[in-house]
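# Commentary on secondary and tertiary structure
Next come the chains, spelled out residue by residue.
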Amino acid sequence: MAIPVIDFSKLNGEERAKTLAQIANACEEWGFFQLVNHGIPEELLENVKEVSSEFYKLEREENFSHSKLVNLLDETGEKLENVDWEDVITLLDDNEWPSKTHGFQETMKEYRFELKKLAEKVMEVMDENLGLPKGYIKKAFNDGEGENAFFGTKVSHYPPCPHPERVNGLRAHTDAGCVILLFQDDKVGGLQILKDGQWIDAQPLPNTIVINTGDQIEVLSNGQYKSTWHRVLSSTEGNRRSIASFYNPSLKATIAPAPQLVEKTNPEVTQTYPKFVFGDYMSVYVQQKFFPKEPRFQAVRTMQQQKKK
């Protein structure tokens, strides 16, 4: 089994219907797929690789090698359960960015601009496949018209680990938000997704963008699309680069299954997913990220019921 690889450019040609069906199947059966010919210039992606690697070497590598995590792994012979073998920073529009690496800020700003456009195109495809009005998902997650959604980019590196059997690169979890767009390492693997009880490698392919659906897409689609468990394995070889961009709802956005999709389900089946404010969901998620998502849904359902009293 391999994660579906889909040519996004074919949405604009004679194979549009076939490509729409491939994306629908990937969202329903996998929760992950890889896009080729996604419209992001190759030159930009090559620049992102270059500045990210240079940034790690110049601004992060030495600190990581002397970190508490590295010392802890050296000192103990036990498996480390509640940590990840990951160096990470998060880029937002309004936070402080690294300034020592030449070209980093300009390149990553351009990259984030292109990735956000791609995220919105992917959401429009989901609208069409789910039978929703064009722009429905974007509007729901932006809490109406305007640009209120959260768009963050995690620049991660997973350095070589001397004892990969004793620490995860990143512990298994599902993502809280909407659409996640990952630009992963061309050569060094490690990302795995859980499919039918088996962990499947997300095969590294040059300059593809890996898409996965988060918990809020599962809710909005009333379970037609699922958020999928995934993890990163640590390794003795290579320094895996991973740049994940997250299109998440505004914290004020109210999330609920689309009414059209509730009507489509068996009338005898009650609505599975709750209606809630995304900020409330995140308050639960930060405490329970590495646990099953179903109790999170139940927790926000309870919170909404208490608010009504």
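As the structure is a prediction and not an experimental result, all values here were calculated from the model.

## Observations concerning the overall build of the protein
For the protein, the count of helices and strands is nine helices and 13 strands. Relative to the globule expectation of 19 Å for 309 residues, the C-alpha radius of gyration of the protein, 20 Å, shows essentially globular dimensions. Referenced to the eigenvectors of the C-alpha coordinate spread, the extents of the protein come out at roughly 55 × 50 × 40 Å. Of the contacts made within the protein by residues no fewer than 6 positions apart, 80% connect residues no fewer than 24 positions apart. Summing over all exposed atoms, the protein offers an accessible surface of approximately 15100 Å²; the carbon and sulfur share of this is 49%. Within the protein, one finds 36 positive and 46 negative side-chain charges whose respective centroids are separated by 5 Å.

## Notes on the packing of aromatic side chains
As enumerated under the stated definition, the model contains nine aromatic pairs in all. With a centroid separation of 5.4 Å and an interplanar angle of 25°, the aromatic rings of Phe276 and Tyr281 are classed as stacked. On the basis of relative accessible area, Phe276 is assigned to the buried category, the value being 0%. Taken together through their ring pairs, the aromatic side chains of Tyr273, Phe276, Phe278, Tyr281, Tyr285 and Phe297 make up a single cluster. Positioned over the ring face of Trp30 is Lys195, at 4.9 Å from the centre of the ring. Above the ring of Phe183, the side-chain terminus of Arg241 is found at 5.3 Å from the ring centroid.

## With respect to the sheet that holds strand 8 (residues 198-201)
Across the sheet, which stays open at both edges, the four strands sit in the order 5-10-7-8 with antiparallel pairing between neighbours. Taken across any chain shown, the strands that pair with only one partner, and hence form the sheet edges, are strand 5 (170-173) and strand 8. Strand-to-strand twist in this sheet, taken as the mean axis angle between neighbours without regard to direction, amounts to 25°. Looking at chain direction, strand 7 (residues 191-195) and strand 8 are connected through four bridges and run antiparallel. Looking at the pairing, Leu194 lines up with Trp199 of strand 8.

## With respect to the packing of helix 8 (residues 278-288) against helix 9 (residues 294-308)
Relative orientation of the contacting elements helix 8 and helix 9 amounts to 140°, with a least axis distance of 9 Å. Considering the angle they form, helix 8 stands oblique to helix 9. The handedness of the crossing between helix 8 and helix 9 is right-handed. In this structure, helix 8 uses Asp280, Tyr281, Ser283, Val284, Tyr285 and Gln288 to contact helix 9, whose residues at the interface are Pro295, Arg296, Phe297, Ala299, Val300, Met303, Gln304 and Lys307. The residue makeup of the contact of helix 8 with helix 9, split by class, is eight nonpolar, three polar and three charged.

Criteria and thresholds
Residues numbered from 1 in each chain as written. Predicted model: local features only at pLDDT ≥ 70, side-chain atom pairs only at ≥ 80, totals over all residues. Heavy atoms only, no water. Helix = DSSP H or I, 4+ residues; strand = E, 2+ residues; numbered from the N terminus. Rg over C-alpha atoms; globule rule 2.2 N^0.38 Å. Contact = heavy atoms within 4.5 Å. Areas by Shrake-Rupley, 256 points an atom, 1.4 Å probe, with all protein chains shown as cover. Lys, Arg positive; Asp, Glu negative; His and termini not counted. Charge placed at Lys NZ, Arg CZ, Asp CG, Glu CD. Phe/Tyr/Trp six-rings, centres within 6.5 Å; stacked < 30°, edge-to-face > 60°. Buried < 20%, exposed > 50% of the residue type's maximum accessible area, 1.4 Å probe, protein only. Lys NZ or Arg CZ within 6 Å of the ring centre and 35° of its normal. Pairing = 2+ DSSP bridges. Axes fitted to C-alpha atoms, helices over the stretch in contact; angles between N-to-C directions. Parallel < 35°, antiparallel > 145°, perpendicular 65-115°, else oblique. Left-handed = near helix turned anticlockwise from the far one by under 90°. Nonpolar A, V, L, I, M, F, W, Y, C, P; charged D, E, K, R; others polar.

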